[in-house]
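# A structural walkthrough
The primary structure of each chain is shown beneath.
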Amino acid sequence: MTVPSITLSSGHDIPQLGFGVFLVPPAEAEKAVSEALEVGYRHIDTAAIYGNEEGVGAAIAKSGIAREDLFVTTKLWNDRQAGTGPDDAIRESLDKLGLQYVDLYLTHWPAPKQDTYSHAWSKLIEIRDAGLTRSIGVSNHLPEHLDRIVKDTGEVPAVDQIELHPAYQQADVTAWAAEHGTAIEVWGPLGQGKYPLFENPAVAAAAEAHGVSPAQAVIRWHLQRGFIVFPKSTRKERMAENFDVFGFELSDAEVAAIDAIDPGDGSGRVGAHPLEKH
Ligand SMILES: NC(=O)c1ccc[n+]([C@@H]2O[C@H](COP(=O)([O-])OP(=O)(O)OC[C@H]3O[C@@H](n4cnc5c(N)ncnc54)[C@H](OP(=O)(O)O)[C@@H]3O)[C@@H](O)[C@H]2O)c1
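Presented here is a report on the structure given in the accompanying data block. (Residues numbered from 1 in each chain as written. Predicted model: local features only at pLDDT ≥ 70, side-chain atom pairs only at ≥ 80, totals over all residues. Heavy atoms only, no water.)

### Some words on the overall build of the protein chain
Filter applied, for reference: Working definition: helices are DSSP H or I runs of at least four residues, strands are E runs of at least two. Numbering for both runs from the N terminus. Values of the radius of gyration come from C-alpha atoms, whereas the globule rule sets the reference at 2.2 Å times the count of residues to the power 0.38. To sort residues, take the accessible area from a 1.4 Å probe on protein chains only and compare it with the maximum for the residue type: under 20% means buried, over 50% means exposed, and anything in between is partly exposed. The protein chains shown are the only cover counted for residues, whose accessible areas, like all others here, come from Shrake-Rupley with a 1.4 Å probe. By the counting rule applied here, Lys and Arg register as positive and Asp and Glu as negative, while His and the ends of each chain are not counted. A single reference atom marks each charge: NZ on Lys, CZ on Arg, CG on Asp, CD on Glu.
Along the protein chain, the regular secondary structure elements total ten helices and ten strands. In terms of overall size, the protein chain behaves like a compact globule, its C-alpha atoms giving a radius of gyration of 18 Å where 278 residues would be expected to give roughly 19 Å. C-alpha atoms of the protein chain, sized along the principal axes, occupy 55 × 45 × 30 Å. Sorting the 278 residues of the protein chain into buried and exposed places 55% on the buried side. Of the accessible surface of the protein chain, which amounts to about 11,400 Å², a share of 49% is contributed by carbon and sulfur atoms. The average position of the 23 basic charges and that of the 40 acidic charges among the side chains of the protein chain differ by 5 Å.

### Some thoughts on the sheet that holds strand S3 (residues 19-20)
Stated formally: Only when DSSP finds a minimum of two bridges between them are two strands counted as paired.
Pairing is parallel across the open sheet formed by eight strands, whose spatial order is S3-S4-S5-S6-S7-S8-S9-S10. Taken across any chain shown, the strands that pair with only one partner, and hence form the sheet edges, are S3 and strand S10 (228-229). One ladder, built from two bridges, connects S3 with strand S4 (residues 43-45); its direction is parallel. Bridged to Gly20 within S4 is Asp45.

### With respect to the pattern of salt bridges
Definition in use: Only one rule defines a salt bridge in this text: a Lys or Arg side-chain nitrogen within 4 Å of an Asp or Glu carboxyl oxygen.
Inspection of the entire model under this criterion finds 14 salt bridges. Across the pair Lys75 and Asp45 runs a salt bridge whose closest N-O atoms are separated by 2.7 Å. Of this pair, Lys75 sits in strand S5 (residues 71-76) while Asp45 sits in strand S4, and the two are 30 residues apart along the sequence. Both residues of the pair, Lys75 and Asp45, belong to the buried class. The salt bridge involving Glu92 is made with Arg80; its shortest N-O contact spans 3.0 Å. Placement of Glu92 in helix H3 (residues 85-97) and of Arg80 in the loop between S5 and H3 is noted, with a sequence separation of twelve residues between them. Here Glu92 falls in the partly exposed class, since its relative accessible area comes to 35%. Its relative accessible area of 25% is what places Arg80 among the partly exposed residues. Several salt bridges converge on common partners, so that one network encompasses Asp115, Arg148, Lys151 and Asp152.

Here you go:
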């Protein structure tokens, strides 16, 4: 199965569907990522704070898959934004991953009370220019944070990775991204199992119409909206289910019905708010 790619503003291609490893315990990460690679995933999304970069790296090393056929993302944690923290953090991440470079390095949260996210972004530019990552981006940045880093550095992030699912679509961030050529990566694409997406009538109807699971219908919605998506599961059968989303297409009416799930008042959010996260 060939996963479609999106060309980032950096000129590098990213597989639109990947595998996320948030809350995959360190001791299980090698097994989970090995299974995901067996299923066919070639894009892995991890972060220093997940504590599982070693397991991700071990699975990659054992897979025998050529480095250029993989897309690996990791992220700078909030307490490493200041000073030379980012320089040290990327080297530690590469060491744990056993890689010479990552494909994408992200500032994990703006953590605006520290007021170091713009400095961190300037360090990511240096890290990219030093060849330690192919592309750079941010995560959980709202338009005010995005405007600030672009004003301070002139560099537009290749991606913004944000919480996004049918009940929480962050129209202000996606509008900023569309205007600036920034790709949207979504986290919590299935609502992290915390939002009752699968029982929603629009999701259930689309799933039934195509003979797929509600999770597959939701992943398909993300793909058709043009988002980059990497659902997490530690169960191999679900990894396979979440990967098997290229044999059907939602109609425009089905996409519109799922679009309409968002109550529009922010109440669908299941994770932390960027202004509150330290
Ligand atoms: N940048 C950030 O701040 C940030 C924050 C959170 C996440 N992320 C990234 O985004 C990735 C995905 O988000 P997420 O892991 O938070 O949430 P998610 O992918 O929306 O949801 C994962 C949950 O859904 C369950 N699940 C997976 N496939 C399923 C299926 N087919 N049917 C029913 N349930 C299913 C999983 O359970 P099982 O494992 O038991 O199958 C798990 O409980 C993360 O792994 C991480 O890489 C980034």
